[in-house]
Amino acid sequence: DTAVSQTPKYLVTQMGNDKSIKCEQNLGHDTMYWYKQDSKKFLKIMFSYNNKELIINETVPNRFSPKSPDKAHLNLHINSLELGDSAVYFCASSQDRGGQANYGYTFGSGTRLTVV
Amino acid sequence: EDQVTQSPEALRLQEGESSSLNCSYTVSGLRGLFWYRQDPGKGPEFLFTLYSAGEEKEKERLKATLTKKESFLHITAPKPEDSATYLCAVHPNTDKLIFGTGTRLQVFP
């Protein structure tokens, strides 16, 4: 199936650990994103890559490091996890920058990160 | 600063009771306004894109409209399966979408 898939779906870890979330899209899109959704359902952009080039880097702690080995993959590595990092992280893709195409962004199903 | 505000925060409707969700925005040049539906435990699912004031789009029981300051998502004769969180997002003169906090809709039989 064509989609944006991210793994794992659930991640429970202790404070101070390092973890990674992986994302892959097989839609042939040029741009990929990481969004963070807090407990109030607010979606805030973290990073965006266009053809492996970082184009958006919001005010995010440098413990968060994205990596895009090719335009179909965008991974998120988080060092020294803190309680406040608990949230749902969504990967998304779009045909071009900003989702100008008629169908906007395509989102993955999310990774629920719980830091204890 | 680019901003999106959605209201109400939550809405409870009886099946068949039509209503509207509001999305107010202030942006530095609107390139597009998006509506998404999000079900629990899932990612947002694209519904509509609106590009200019006066534009309208429909899909089944949903109709989205756009003015220079706000967008409405009208739900006609809703069914329980329409229950979800509806998210509005704007695309200003930057390479990112800015989302509102959503309206949680519950439709009861």
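The rules behind these values
- Residues numbered from 1 in each chain as written.
- Chains lettered and ligands numbered in written order.
- Predicted model: local features only at pLDDT ≥ 70, side-chain atom pairs only at ≥ 80, totals over all residues.
- Heavy atoms only, no water.
- Helix = DSSP H or I, 4+ residues; strand = E, 2+ residues; numbered from the N terminus.
- Rg over C-alpha atoms; globule rule 2.2 N^0.38 Å.
- Areas by Shrake-Rupley, 256 points an atom, 1.4 Å probe, with all protein chains shown as cover.
- Buried < 20%, exposed > 50% of the residue type's maximum accessible area, 1.4 Å probe, protein only.
- Pairing = 2+ DSSP bridges.
- Contact = heavy atoms within 4.5 Å.
- Buried area = accessible area lost by both parts, 1.4 Å probe.
- Salt bridge = Lys/Arg side-chain N within 4 Å of Asp/Glu carboxyl O.
- Polar contact = N/O pair within 3.5 Å; in protein donor to acceptor, adjacent residues only side chain to side chain.
- Core = buried A, V, L, I, M, F, W, Y, C linked by side-chain atoms within 4.5 Å.

## Considering the overall build of chain A
Helices and strands together make up the secondary structure of chain A, namely zero helices and 11 strands. Taking 116 residues into account, the globule formula puts the C-alpha radius of gyration at 13 Å, and chain A, at 13 Å, falls close to it. For chain A, the accessible surface area stands at approximately 5700 Å², while carbon and sulfur atoms represent 48% of it.

## With respect to the pairing of strand β4 (residues 31-37) of chain A
All names here are of chain A. Taking burial as the measure, the seven residues of β4 include six buried ones, the bulk of the element. The antiparallel pairing of β4 with strand β5 (residues 43-50) creates a hairpin that spans five residues between the two strands, and Lys 41 there sits at a positive phi of about 70°. Alignment of β4 against strand β9 (residues 87-94), held across seven bridges, turns out to be antiparallel. Counterpart to Lys 36 in the pairing with β9 is Tyr 89.

## Here we look at the interface of chain A and chain B
Across the boundary between the two partners, chain A contributes 25 residues, which contact 20 residues of chain B. Together, the buried faces of chain A and chain B total about 1800 Å²; carbon and sulfur atoms form 51% of this surface. Our enumeration of links across chain A and chain B arrives at one salt bridge. Residue Glu 58 of chain A is joined to Lys 96 of chain B by a salt bridge in which the shortest nitrogen-to-oxygen separation is 2.9 Å. Counting every contact that joins chain A to chain B gives six residue pairs in polar contact (both at pLDDT 80 or more). When contributions to the side of chain A that touches chain B are tallied by element, the ones reaching two or more residues are β4, β5 and β6 (53-57) of chain A. At three residues, β4 of chain A tops the list of elements feeding residues into the side of chain A that touches chain B.

## Points about the pairing of β6 of chain A
Along any regular strand, the residues point their side chains to alternate faces of the sheet. Residue and element names in this part refer to chain A. As judged from the four bridges shared by β5 and β6, these two strands associate in the antiparallel manner. From the neighbouring strand, Asn 50 faces β6, where its bridge partner is Glu 53. Connecting β5 to the next strand, β6, in antiparallel fashion are two residues, including Asn 51 with a positive phi near 50°.

## Considering the nonpolar core
Soluble globular proteins tend to bury their nonpolar side chains together. Residues and elements named next belong to chain B. In terms of nonpolar packing, the biggest core is built from 23 residues, with Leu 33, Trp 35, Leu 73 and Tyr 86 touching the most fellow members. Every element with two or more residues in this core is listed here: β2 (10-14), β3 (19-26), β4 (32-38), β5 (45-50), β7 (62-66), β8 (70-75), β9 (84-91) and β11 (103-108). Sort the elements by how many residues they give to this core and β9 lands first, with four residues. Contacts of Leu 33, omitting those with residues within four sequence positions, involve Cys 23, Tyr 25, Phe 48, Thr 49, Leu 50, Leu 66, Ser 71, Cys 88, Ala 89 and Val 90.

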